[in-house]
Amino acid sequence: MAIKLVTTATELRAESARLLTEKQGSSQGLVPTMGALHEGHAQLARTAVENNDVVVATIFVNPLQFGEAADLDRYPRTLDADLALLEAEGVDLVFAPSVEEVYPGGEPMVRVTAGPLANKWEGASRPGHFDGALTVVAKLLHYGFPGVGLPGVGLPGVAPAAYRAYFGQKDAQQLTLVKRMVADLNFPVEIVAVPIVRSAEGLALSSRNRFLSDDEREAALVLSRALKLIEGRANAHEPLDLESARAMVESQPLVQLDYFDVVDTRTLEPLAENCRDTPFRGEGLALIAAKVGPVRLIDNVPLSS
Ligand code: AMP
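From a predicted model like this one, the values you see are computed outputs, not experimental measurements. (Residues numbered from 1 in each chain as written. Predicted model: local features only at pLDDT ≥ 70, side-chain atom pairs only at ≥ 80, totals over all residues. Heavy atoms only, no water.)

Engineer: Pulling in residues and values, what's your account of the pattern of salt bridges?
Structural biologist: Summed over all chains, the structure comprises 18 salt bridges. Notably, a salt bridge pairs glutamate 107 with arginine 111, separated by 2.7 Å at the nearest N-O pair. (Salt bridge = Lys/Arg side-chain N within 4 Å of Asp/Glu carboxyl O.)

Shown next as C-alpha cells:
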C-alpha cells in the first residue's frame, strides 16, 4: 500500500480512523520528526511499525523551538526523499502540516512550560527551546490520538487503541522532558525511547551533519570517542576522570566544547560519582555538546555499572 500524505488535522483524523478500521487495528504509533530524515529516523519508524497496527509519522519544522530565524530558514527540507524513506519502512500515513495549520492564530498565547529541567544543558544555550518543543509535541500527540472519529470512540465500554509515541535517545534532554510532560499532565500515551543510530565511524546521525565539511566531520568523531572512553571506564568500574576526557575533546582545534558531564537520567543533575578518584557505580548518562564549524552537535551514552 502506498504511503498517504495529509496536511490538515481533519484529514489526519479521518485517515487514521479509516486505517484502524480497515486493519481492525488496536494500536497506533506516532513518530514526530522535523523531516530531512536519515537512518536514525528510519529506526524510529521501523520500531513503531514492528509494534503497532497503524503508524503515523509527522514532519513539521516547528518555528516555536528555534531561537534564530536564520537557523529556522536554513533547516533542510527534503519532503520527497522523506516520504520515500517512510514508505520503505512501512509507515501508513504522514502528517506534514503548514505553520498556519498548527498555529492558526499565530504564536500560541498559552504554551507548555518545560520547567527547571529545561534551563540546563541544551536549554542553557537555547532559551525557550524546550517550551517550544514541548508545546508542539503536546499538539502532535493530540493530533495523532488514535481513532478519533471512529464510531463509538469515547463511549463507555469501547476500548481505545493503544497509543505509543517514539522519540530518539539522541535528544536525551528532550526525551526526559517529554516523559515528564506526559507523566505530569496525564497524556494517555506511552513514550518509547529508541537508541542512537550512528555512522560506521561513530558519529551520531543528525539532519545537521550535512552542514559539516569533511574535516569537520572527521573532527566531530572526537565526541563519540570521548563518550566511549567514559563508557569503558564505567563498565570497568574505574573512576570516570571526566577531566582527561574533556581535555581530549578540547585538544581538537575544530571542536569547541560546550559541556561534557555525567548526569542522573531523570533529574539531569550532575552525579557525585563523576570525579577523578571514585570508581563509578550505578546508572547515569554521559552528555556532550560542542560546536563543530557552523554546527552544534549533541551526543550521549547511557552508563550502567
Ligand atoms: P528531529 O527530526 O531531529 O526533530 O528528530 C526526530 C526524532 O528522531 C527525535 O525523537 C530524535 O531524537 C530522533 N533522532 C534523531 N537523530 C537520531 C539518531 N541518530 N538516532 C536515533 N534517533 C534519532
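Past the structure itself, the notes keep going.
Engineer: How would you sum up helix H4 (residues 79–88)? Please name residues and give values.
Structural biologist: Since there are 3.6 residues in each turn of an α-helix, residues three or four apart along the chain are aligned in direction. Within H4, the full set of buried residues consists of Asp82, Leu83 and Leu86. Viewed end-on, H4 has its buried residues packed into an arc of 100°, placing them on one side of the element. Looking at H4, the residues exposed on the side facing more than 90 degrees away from the buried face are Asp80, Ala81 and Ala88. Looking at the buried residues of H4, the elements they touch are strand S1 (4–6), helix H2 (39–51), strand S3 (54–59) and strand S4 (93–95). In the stretch just after H4, glycine 90 is the one whose phi turns positive, near 90°. (Buried < 20%, exposed > 50% of the residue type's maximum accessible area, 1.4 Å probe, protein only. Helix = DSSP H or I, 4+ residues; strand = E, 2+ residues; numbered from the N terminus. Arc of directions from axis to C-beta. Contact = heavy atoms within 4.5 Å.)

Engineer: Describe the packing of helix H9 (residues 214–235) against helix H10 (residues 242–250), and please don't skip the residues or the numbers.
Structural biologist: Between H9 and H10, whose axes approach to 9 Å, the crossing angle comes to 165°. What the angle tells us is that H9 and H10 run roughly antiparallel. Helix-helix and strand crossings are classified by hand; for H9 and H10 the assignment is right-handed. Here Val222, Arg225, Ala226, Leu229, Ile230 and Arg233 of H9 lie close against H10, whose contacting residues are Leu242, Ser244, Ala245, Met248 and Val249. (Axes fitted to C-alpha atoms, helices over the stretch in contact; angles between N-to-C directions. Parallel < 35°, antiparallel > 145°, perpendicular 65-115°, else oblique. Left-handed = near helix turned anticlockwise from the far one by under 90°.)

Engineer: Pulling in residues and values, what's your account of the sheet that holds strand S8 (residues 283–292)?
Structural biologist: Within a sheet, neighbouring strands are paired by backbone hydrogen bonds and run either parallel or antiparallel to one another. The three strands lie next to each other as S7-S8-S9, forming an open sheet whose pairing is antiparallel. Two strands bound the open sheet, and with one partner strand each, they are strand S7 (255–263) and strand S9 (295–304). Going across the sheet, the axis of each strand differs from the next one's by a mean of 10°, ignoring polarity. Bridge count between S7 and S8: eight bridges; the pairing is antiparallel. Counted as the bridge partner of phenylalanine 260 is isoleucine 288 from S8. Running at roughly 160° to S7, H10 makes contact with S7 and S8 of the sheet. (Pairing = 2+ DSSP bridges.)

Engineer: Describe the packing of aromatic side chains, listing the residues and the values that go with them.
Structural biologist: Applying the stated criterion across every chain, the model contains five aromatic pairs. On the basis of an interplanar angle of 65° and a centroid distance of 5.3 Å, the ring pair of phenylalanine 95 and tyrosine 143 is categorised as edge-to-face. Taken together, the residues span a long stretch of sequence, with phenylalanine 95 in strand S4 and tyrosine 143 in helix H7 (residues 129–143) at a distance of 48 residues. The class for tyrosine 143 is buried, based on a relative accessible area of 13%. Relative to tyrosine 259, the ring of tryptophan 121 lies with its centre 5.1 Å away and its plane at 55°, an arrangement referred to as tilted. In this pair, tryptophan 121 sits in the loop between helix H5 (99–102) and helix H6 (122–125) while tyrosine 259 sits in strand S7, placing the two residues 138 residues apart along the sequence. Each of the two residues, tryptophan 121 as well as tyrosine 259, counts as buried. (Phe/Tyr/Trp six-rings, centres within 6.5 Å; stacked < 30°, edge-to-face > 60°.)

Engineer: I'd like to hear about the site of the ligand, residue by residue, with values.
Structural biologist: Met34, Gly168, Asp171, Val197 and Leu205 are the nearest of the 16 residues found near the ligand. Backbone polar atom of valine 197 to a nitrogen atom of the ligand: 2.9 Å apart, as the coordinates give it. Residue leucine 205 places a main-chain N or O atom 2.9 Å away from a nitrogen atom belonging to the ligand. Protein burial of the ligand: of its 490 Å² of free accessible surface, 92% is covered by the chains. Counting residues per element, the ones that place at least two in the shell around the ligand are strand S2 (27–33), H2 and strand S5 (162–168). Looking at the shell around the ligand, the element that brings in the most residues is H2, giving three residues. (Near = heavy atom within 4 Å. Polar contact = N/O pair within 3.5 Å; in protein donor to acceptor, adjacent residues only side chain to side chain. Areas by Shrake-Rupley, 256 points an atom, 1.4 Å probe, with all protein chains shown as cover.)

Engineer: I'd like a rundown of the pairing of S9, residues and numbers included.
Structural biologist: It is a general feature of regular strands that their side chains alternate between the two faces of the sheet. Here S9 lies mainly inside the structure; seven of its ten residues are buried. For S8 and S9, the ladder comprises ten bridges, and the chain directions are antiparallel. From the neighbouring strand, leucine 287 faces S9, where its bridge partner is asparagine 300.

Engineer: Quick one: what's the story with the domain arrangement of the protein chain, residue by residue and with numbers?
Structural biologist: Examined at the domain level, the protein chain breaks down into domain 1 (4–194) and domain 2 (207–304). At the interface, 22 residues of domain 1 touch 20 residues of domain 2. For the domain 1 and domain 2 pair, buried surface summed over both sides reaches about 1700 Å², with 54% attributable to carbon and sulfur atoms. On the surface where domain 1 and domain 2 come into contact, there are three salt bridges. In this structure, arginine 296 engages glutamate 122 in a salt bridge whose closest nitrogen and oxygen atoms are separated by 2.6 Å. Between domain 1 and domain 2 we count ten residue pairs in polar contact (both at pLDDT 80 or more) in total. (Domains from an automatic or database assignment. Buried area = accessible area lost by both parts, 1.4 Å probe.)

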